[in-house]
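Read off the chains here:
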Amino acid sequence: MNQSVMNGKNVIKVKQYQSPCGILRLGSLGDWLCMCDWSENKHRDHVDRRLQRILNADIVTGSSDVIDMAEMQLDDFFAGRSREFSVPLLFTGTDFQKTVWTALLKIPYGQTVSYGELARRIGRPEAVRAVANANGANPLSIFAPCHRVIGSDNSLTGYSGGLDVKQMLLEFERHHKTI
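Residues numbered from 1 in each chain as written. Predicted model: local features only at pLDDT ≥ 70, side-chain atom pairs only at ≥ 80, totals over all residues. Heavy atoms only, no water.

A.B. asks: Requested: an account of the environment of L29, with residues and values cited.
C.D. replies: As for its position among the elements, L29 is in strand β3 (residues 22-29). Every residue in contact with L29, bar those within four places of it in the chain, is listed here: N10, V11, I12, C34, L55 and L90. (Helix = DSSP H or I, 4+ residues; strand = E, 2+ residues; numbered from the N terminus. Contact = heavy atoms within 4.5 Å.)

Structure, rendered in structure tokens:
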């Protein structure tokens with residue numbers, strides 16, 4: 001039996017990863033990473049339900065080759081040995097959300113942009129609030145670096161892992177910028 005499908009539904013395998021900033025939940029569907037989210041996220045159930053609905057999937061505890069790859073790349077990232085990821089990502093959301101999440105991939109390591117700047121970069125300068133909402137719905141934290149998006153006044157605003165984690169990630173990247 002194909003382990004990606006069970007009882008006619010896709011299977012998202014999920015495993016916890018202990019990062020220096022807190023526990024992440026890594027999830028894969030087949031050969032794609034579809035989740036890297038903070039286990040303490042107040043919207044945790046919402047993210048799971050969205051993935052299950054859009055992907056017609058059940059979530060089960062387990063691991064996969066892509067989760068193993070994600071863990072190794074996160075280990076390298078948090079050890080300061082790497083700034084880039086090559087894990088295949090599966091963005092699960094609306095077309096607008098996917099546009100925002102793809103734009104996150106283009107924010108250089110150790111740098112930040114405002115929500116307004118991100119809206120301009122996707123050609124929707126009037127959609128700052130929608131960009132902020134899409135950023136907040138990102139199910140692939142760290143890999144699609146939503147922590148690099150800040151307020152126009154340089155303030156730290158919402159982050160699913162908490163503002164202390166966002167601050168920690170930004171400081172970590174600034175400190176390791178010259179790998």
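Here the narrative resumes.
A.B. asks: Describe the pairing of strand β2 (residues 9-19), listing the residues and the values that go with them.
C.D. replies: Pairing analysis gives five bridges linking β2 to strand β5 (residues 57-61), with the strands arranged parallel. Its bridge partner lying in β5, N10 is registered against A57. As paired elements, β2 and β3 share eight bridges and run antiparallel to each other. Paired with Y17 across the two strands is L24, which belongs to β3. (Pairing = 2+ DSSP bridges.)

A.B. asks: Please give an account of unusual backbone geometry that cites residues and values.
C.D. replies: Positive phi is not limited to glycine here, since N56 has a value of about 45 degrees. Position of N56 among the secondary structure elements: in the loop between α1 (44-55) and β5. The exposure class assigned to N56 is partly exposed, which follows from its relative accessible area of 40%. In this structure, I142 takes a positive phi of about 70 degrees despite not being glycine. Here I142 shows up in the loop between α5 (128-136) and β7 (149-150). (Buried < 20%, exposed > 50% of the residue type's maximum accessible area, 1.4 Å probe, protein only.)

A.B. asks: So what about the pattern of salt bridges? Which residues, and what values?
C.D. replies: Under the criterion given, the structure shown has eight salt bridges. A salt bridge links R121 to E117; the nearest nitrogen and oxygen atoms lie 3.0 Å apart. Note that R121 and E117 are positioned in helix α4 (residues 115-121) at a spacing of four residues, about one turn of the helix. Judged by relative accessible area, which is 44%, R121 ranks as partly exposed. Under the relative-accessibility criterion, E117 is labelled partly exposed at 25%. Where E126 meets R124, a salt bridge forms, and the shortest distance between an N and an O atom there is 3.0 Å. Shared partners join several salt bridges into a network, and the residues in it are E117, R120 and R121. (Salt bridge = Lys/Arg side-chain N within 4 Å of Asp/Glu carboxyl O.)

Such coordinate-based values are descriptive only and should not be taken to indicate function.
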